[in-house]
Amino acid sequence: MNQVHNRFRKLAIVGCCALLASVPSLAQEVKVGVLHSLSGTMAISEDTVKNSTLLAIDQINASGGVLGKKIVPVIEDGSSDPAIFSQKAQKLIQEDKVVTVFGGWTSASRKAMLPVFERFHSLLWYPVQFEGNECSSNIMYSGAQPNQQILPALDYAFQNGKKKVFLLGSDYVFPRTANLILKKHILKNGGTVSGEEYVPLGGTDFSAIITKIKIAKPDVVFSTVNGDSNVSFFKQLAAAGITQQQLPIFSFSIAEQEAKAMGTSLVAGGFTAWNYFESLKNPKNAAFIAAYKAKYGKDAVLDDPMVHGYIDVLVWAAAVKKAGSFDPDAVRKAATQLASTASPLGEIRFAENQSLFQTAYVGQFLPDGQVKVVWQSKGALHPDPYDALAFPGKSCVVK
Amino acid sequence: MGQFAIIAGQIFNGVSVGSILLLIALGLALSFGLMNVINMAHGEMLMVGGYLSYLACKVVHGPMSLLVAFLFAFVGAALLGALLELTIIRWLYGRPLDTLLATWGVSLILQQAARSLFGPIGVEVVAPSWLDGALSINHGILSGLSMPYVRIFIIALTIVVLGLLTLFIGRTRWGLYLRAVHQDREMAQALGVNTKLVDLLVFSVGTGVAGLAGAALALIAPVTPTVGQNYIVYAFLVVIVGGLGSLFGTAVAALCVGLISSAVQMFTSVSLADVFLLLTVIVFIQFRPRGIIYARSRSMKEA
């Protein structure tokens with residue numbers, strides 16, 4: 001008797017679920033994937049990019065959705081593991097039938113997802129600065145190319161007479177490629193490379209490297225050290241009696257978010273280069289900050305990749321409207337034909353190579369973890385995936 | 001910076017790296033040497049010590065906070081070690097492979113627990129202000145040499161711990177029991193030594209010292225859920241090179257590993273220094289398979 005009763009209850013539940021599931025589809029929905037690391041070592045950075053992506057989706061839904069459809073995000077966890085990123089991307093495209101995916105952070109995760117998006121002719125919106133040297137028609141690269149972040153920082157250092165550069169990085173694809181490009185430009189512009197060192201990801205002992213820096217006596221250190229290792233590096237540098245006044249450190253993997261997590265006093269005085277700082281003054285940024293803090297709490301800190309995650313959704317929606325369709329091919333073509341628009345970053349638009357026109361900023365960390373802009377490029381820079389000195393003869397042509 | 005200052009600086013760095021390795025390896029040497037237990041969760045005791053000192057520093061402020069933090073880290077890690085011994089290791093004696101797997105599982109559980117409790121990003125222990133700065137030499141042939149107080153402090157701490165452990169083993173009654181069990185477990189048992197209690201004590205002291213190492217390491221590096229993984233391999237290396245069951249051998253081995261890796265790092269990169277270190281150890285083991293100092297013991301006759 002009981003069993004029969006139970007079975008009825010199950011049936012009833014299943015029936016209700018089926019009904020519930022069918023209701024939204026009547027109200028016209030479209031699914032998009034949001035794929036970031038919500039666990040593991042990268043979660044600290046990627047969790048907040050997921051938040052700003054969801055904020056943009058909320059805002060679009062509040063103003064009537066796209067093509068009359070409500071956007072429904074399908075959130076997946078890449079677990080800081082490139083292999084899982086690849087699996088989850090495939091799952092989103094094949095099982096969830098999402099029309100596009102917003103996500104990824106490390107170059108390793110992007111490289112792992114790239115073949116999936118190419119095979120299924122889908123489209124990935126990638127929000128983080130990277131090393132260039134890649135050009136796929138199935139990815140929209142909104143993060144900075146080398147000529148929009150590290151090279152402007154190098155120009156700034158040279159303008160200030162700092163021509164003896166020490167290159168330091170974590171041992172993986174982004175720092176190695178970034179330093180390859182930097183070296184070519186340093187030598188071409190009459191500077192010297194006084195050292196080039198790598199530590200394994202997560203490495204904690206910088207004693208020998210700091211001694212090498214002391215011997216080399218550089219004017220400036222360009223650091224592409226990623227993650228927790230930065231804490232060890234800055235702590236041990238301070239303990240060795242080297243201050244940022246004597247030896248400025250330019251960090252390319254530390255934004256406001258990381259500065260807050262590391263302890264703001266450690267990085268104060270150091271330099272960084274991005275396409276966005278929370279301290280930028282423009283109406284779009286003020287509105288973005290207010291909306292984010294209203295949704296996620298007033299202690300939230302905003303940074304460059306979060307804003308890129310946010311504008312990716314807005315540009316996608318605008319491109320869908322222009323194309324009149326969710327088809328990835330039509331959307332990516334429409335995205336590169338959109339007119340320049342105001343955003344929290346300033347004026348932006350996607351170039352023909354599917355990377356973003358954007359302004360480069362060099363900033364200095366203040367004791368409260370915010371960044372003061374000390375230099376900015378004249379207007380938005382054209383994105384250049386293949387540096388002419390480091391990768392001669394290569395150019396990016398999307399099909 | 002003169003030639004001598006650079007050499008002296010690198011020797012100092014080597015000793016400093018070696019002293020951290022020694023703190024970690026001491027506990028392993030005790031449990032591995034005495035009980036033949038390969039404790040894969042030893043690195044996580046380091047991590048636990050780091051987090052405990054972080055918690056202690058949040059509660060207690062002022063110049064003496066560090067002392068409280070160290071005490072807290074030692075006692076906390078020792079208690080956790082005791083729990084581990086009582087609940088798992090005790091039941092798996094004589095089955096080294098099973099212990100290895102079980103402790104590896106414990107290590108994964110502890111890592112994930114730390115991730116859930118404290119988040120994936122590391123936490124920071126800010127060293128008290130009296131450890132800021134460095135001892136700088138501005139005259140003579142060593143001009144330009146600067147030795148951070150934090151590293152000097154860690155070296156001093158290691159010497160104190162090594163001294164106390166030597167006294168404990170050489171001069172106390174429990175130390176005598178320990179040596180007796182090490183030499184011949186059955187005979188010691190027959191003469192009335194409570195070997196189970198000795199094992200428990202030794203294992204807890206070993207994990208406690210690892211906790212202390214974690215607290216010391218937190219002064220120069222962030223405390224992350226995986227911090228133990230960076231050091232466990234080197235710690236095993238030190239124990240094997242040093243020779244089983246010899247604290248003095250462990251100390252010499254830790255110093256050698258620290259000095260070699262910091263010297264090689266000066267001429268090559270960090271990754272190549274690791275390769276060189278491993279090759280050196282492999283060659284060394286070929287000639288002295290029982291390590292630098294080999295303690296004669298009947299229990300290891302068959303080994």
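Structure's up top.
Every chain's residues receive numbers from 1 upward, in the order its sequence appears when written. The lettering of chains begins at A and the numbering of ligands begins at 1, in the order of writing. For this predicted model, a pLDDT threshold of at least 70 governs which residues receive local features, and a threshold of 80 or more governs which side-chain atom pairs are given and counted, while totals over whole chains, interfaces and linings are taken from all residues. As a rule here, side-chain values cover all heavy atoms of the structure and leave hydrogens and water aside.

Draft legend 1. Seen up close, the overall build of chain B. Secondary structure assignment for chain B yields 11 helices and 2 strands. In this description a helix means any DSSP run of H or I spanning at least four residues, a strand means any run of E spanning at least two, and both kinds are numbered starting from the N terminus. Counting from the amino terminus, helix and strand elements in chain B follow one another as α-α-α-α-β-β-α-α-α-α-α-α-α. To get the radius of gyration, use the C-alpha atoms; to get the globule rule, take the number of residues to the power 0.38 and multiply by 2.2 Å. Against the globule reference of 19 Å for 303 residues, chain B gives a C-alpha radius of gyration of 20 Å, in line with a compact fold. Considering only C-alpha atoms, chain B reaches an extent of 65 × 50 × 35 Å along its principal axes. For chain B, the share of sequence-separated contacts (at least 6 apart) that also reach a separation of at least 24 residues comes to 77%. Working note: accessible area of chain B is about 13,900 Å², and carbon and sulfur atoms make up 72% of it. Positive and negative side-chain charges in chain B, numbering 15 and 10 respectively, have mean positions lying 8 Å apart. Throughout, a contact is declared for two residues whenever any of their heavy atoms are within 4.5 Å. Note that accessible areas follow from Shrake-Rupley with a 1.4 Å probe, and for residues the cover is restricted to the protein chains shown. The sign given to each residue is positive for Lys and Arg and negative for Asp and Glu; His and the chain ends receive no count. To locate a charge, take NZ of a lysine, CZ of an arginine, CG of an aspartate or CD of a glutamate.

Draft legend 2. Highlighting the state of the cysteines. Residue and element names in this part refer to chain A. Count a disulfide wherever a pair of cysteine sulfur atoms falls within 2.5 Å. Summed over the entire model, instances satisfying the criterion amount to 1 disulfide over all chains. Cysteine 135 shares a disulfide with cysteine 396; S-S distance 2.0 Å. Judged by the torsion about the S-S bond (70°), the cysteine 135/cysteine 396 disulfide is right-handed. Of this pair, cysteine 135 sits in the loop between β4 (124-126) and β5 (139-141) while cysteine 396 is found in the segment after β15 (371-376), placing the two residues 261 residues apart along the sequence. We call a residue buried when its accessible area falls under 20% of the maximum for its residue type, exposed when it is over 50%, and partly exposed in between, using a 1.4 Å probe and counting protein chains only. Cysteine 396 gets classed as buried once you look at its relative accessible area, which sits at 17%.

Draft legend 3. Here's a closer look at the nonpolar core. By nonpolar core is meant a set of buried Ala, Val, Leu, Ile, Met, Phe, Trp, Tyr and Cys residues that side-chain atoms within 4.5 Å join together. By size, the foremost hydrophobic cluster in this structure holds 93 residues, and its most contacted members are Trp125 and Trp316 of chain A. Ranked by residue count, the leading element in this core is helix α12 (residues 304-323) of chain A, at 10 residues. In this structure, Leu165, Leu217, Val223 and Ala235 of chain B belong to the second largest nonpolar core, which totals 78 residues.

Draft legend 4. Helix α7 (residues 207-216) of chain A, seen in detail. All names here are of chain A. Taking burial as the measure, the 10 residues of α7 include 8 buried ones, the bulk of the element. Residues Ser207, Ala208, Ile209, Ile210, Thr211, Lys212, Ile213 and Ala216 constitute the buried set of α7. Remark: lysine 217 follows α7 within two positions and exhibits a positive phi of approximately 45°.

Draft legend 5. Focus on the packing of helix α6 (residues 173-183) of chain B against helix α8 (residues 195-217) of chain B. Residues and elements named next belong to chain B. Taken N-terminus to C-terminus, the directions of α6 and α8 make an angle of 105°; their axes are 10 Å apart at the nearest point. Considering the angle they form, α6 stands roughly perpendicular to α8. Mapping the contact onto sequence places Trp174, Tyr177, Leu178 and Val181 in α6 and Thr195, Leu197, Val198, Leu201 and Val202 in α8. A fitted line through C-alpha atoms serves as each axis, taken over the contacting stretch for helices, and the angle formed by two N-to-C directions is quoted from 0 to 180°. Roughly parallel means an angle under 35 degrees; roughly antiparallel means over 145; roughly perpendicular covers 65 to 115; every other angle is labelled oblique.

Draft legend 6. Up close: the packing of helix α2 (residues 42-59) of chain B against helix α3 (residues 65-87) of chain B. All names here are of chain B. Running from N to C, α2 and α3 cross one another at 140°; their axes reach a closest spacing of 8 Å. By the angle between their directions, the pair α2 and α3 is classed as oblique. For α2 against α3, the interelement crossing comes out right-handed. Here Met45, Val48, Gly49, Leu52, Ser53, Ala56 and Cys57 of α2 lie close against α3, whose contacting residues are Ser65, Ala69, Phe72, Ala73, Gly76, Ala77, Leu80 and Leu84. Of the residues contributing to the contact of α2 with α3, the split by class is 11 nonpolar, 4 polar and no charged. In this scheme the handedness of a crossing depends on how the near helix is turned from the far one: anticlockwise by less than a right angle means left-handed, clockwise means right-handed. Put simply, Ala, Val, Leu, Ile, Met, Phe, Trp, Tyr, Cys and Pro go in the nonpolar bin, Asp, Glu, Lys and Arg in the charged bin, and everything else, Gly too, in the polar bin.

Draft legend 7. Region of the structure containing the packing of aromatic side chains. Centre distance within 6.5 Å is the pairing criterion for rings of Phe, Tyr and Trp, where only the six-membered ring of Trp is used; planes under 30 degrees apart are then read as stacked, over 60 as edge-to-face, and the remainder as tilted. Using the criterion set out here, one finds 24 aromatic pairs over all chains in the structure. Here the aromatic rings of phenylalanine 102 of chain A and tryptophan 316 of chain A are separated by 5.9 Å at their centres, their planes lie at 85°, and the arrangement is edge-to-face. You can see phenylalanine 102 of chain A sitting in strand β3 (residues 101-103) and its partner tryptophan 316 of chain A sitting in helix α12, a full 214 residues away along the chain. As far as burial versus exposure is concerned, phenylalanine 102 of chain A and tryptophan 316 of chain A are alike and both buried. Centre to centre, the rings of tryptophan 174 of chain B and tyrosine 177 of chain B are 5.2 Å apart; their planes meet at 85°, and the pair counts as edge-to-face. A residue pair is termed a helical-turn pair when its members lie 3 or 4 positions apart in one helix, as tryptophan 174 of chain B and tyrosine 177 of chain B do in helix α6 at 3 residues. Remark: a charge is flagged as sitting over a ring if the NZ atom of Lys or the CZ atom of Arg is within 6 Å of the ring centre and within 35 degrees of the ring normal. Above the plane of the ring of tyrosine 126 of chain A lies arginine 110 of chain A, whose end atom (NZ or CZ) is 4.9 Å from the centre.

Draft legend 8. Spatial organisation of the interface of chain B and chain A. Facing the 31 residues of chain B at the interface are 30 residues of chain A. Basic side-chain nitrogens of Lys or Arg form a salt bridge, by our definition, when they fall within 4 Å of a carboxyl oxygen of Asp or Glu. Where chain B meets chain A, there are 2 salt bridges. Of the charged contacts in the structure, one is a salt bridge between arginine 151 of chain B and aspartate 205 of chain A, with a shortest N-O distance of 3.7 Å. Under the rule applied, a polar contact is a pair of N or O atoms within 3.5 Å (in protein, one hydrogen donor and one hydrogen acceptor; residues adjacent in sequence only if both atoms are side-chain atoms). The interface formed by chain B and chain A holds 12 residue pairs in polar contact (both at pLDDT 80 or more) in total. When residues of the side of chain B that touches chain A are traced back to their parent elements, those giving at least two are α1 (3-35), β2 (146-148), α9 (229-242), α10 (247-267) and α11 (270-287) of chain B. The greatest single-element share of the side of chain B that touches chain A, amounting to 4 residues, is contributed by α1 of chain B. Looking at side-chain class alone, the side of chain B that touches chain A contains 16 nonpolar, 12 polar and 3 charged residues.

Draft legend 9. Spatial organisation of the side chain of asparagine 230 of chain A. The residue asparagine 230 of chain A is located in helix α8 (residues 229-239) in this model. Residues within four places of asparagine 230 of chain A in sequence aside, it is in contact with Ser223, Val225, Ile254 and Met262 of chain A.

Draft legend 10. Focus on the pairing of strand β12 (residues 346-350) of chain A. All names here are of chain A. Any two strands between which DSSP finds at least two bridges are classified as paired. Sheet topology note: the strand β11 (residues 341-343)/β12 ladder contains 3 bridges and is antiparallel. Bridging from a neighbouring strand, threonine 341 pairs with isoleucine 348 of β12. In textbook terms, the turn of a hairpin is the stretch between consecutive antiparallel strands, and for β11 and β12 this stretch comprises 2 residues. As paired elements, β12 and strand β13 (residues 356-357) share 2 bridges and run antiparallel to each other. Each residue of the ladder has a partner; that of arginine 349, found in β13, is phenylalanine 357.

Draft legend 11. Looking closely at the environment of leucine 66 of chain B. Residue and element names in this part refer to chain B. Turning to its location among the elements, leucine 66 is positioned in helix α3. The class of leucine 66 is buried, set by a relative accessible area of 4%. When the C-alpha atoms of leucine 66 and alanine 215 are compared, they prove to be 8.8 Å apart, with 149 residues separating the residues in sequence. Contacts of leucine 66, omitting those with residues within four sequence positions, involve Pro128, Trp130, Leu131, Phe153 and Leu219.

Draft legend 12. Looking closely at the sheet that holds β5 of chain A. Residue and element names in this part refer to chain A. Spatial strand order, β2-β1-β3-β4-β5: 5 strands in an open sheet with parallel pairing. For this open sheet the edge positions go to β2 (70-77) and β5, each flanked by a neighbour on one side alone. Across the sheet, the mean angle separating the axes of adjacent strands is 25° when strand polarity is ignored. Relative to β2, strand β1 (residues 29-36) runs parallel, the two sharing 8 bridges. Opposite leucine 35, over in β2, you have glutamate 76 as the bridge partner. Each of β1, β2, β3 and β4 is contacted by α12, which is oriented at about 145° to β4, the strand it contacts most.

Draft legend 13. Spatial organisation of the pattern of salt bridges. Under the definition given, this model contains 18 salt bridges over all chains. Ionic pairing is found between aspartate 96 of chain A and lysine 91 of chain A, a salt bridge with its closest N-O pair at 2.9 Å. Taking relative accessible area as the criterion, lysine 91 of chain A reaches 23% and is therefore assigned partly exposed. Arginine 185 of chain B is paired through a salt bridge with aspartate 199 of chain B; the nearest N and O atoms lie 3.0 Å apart.

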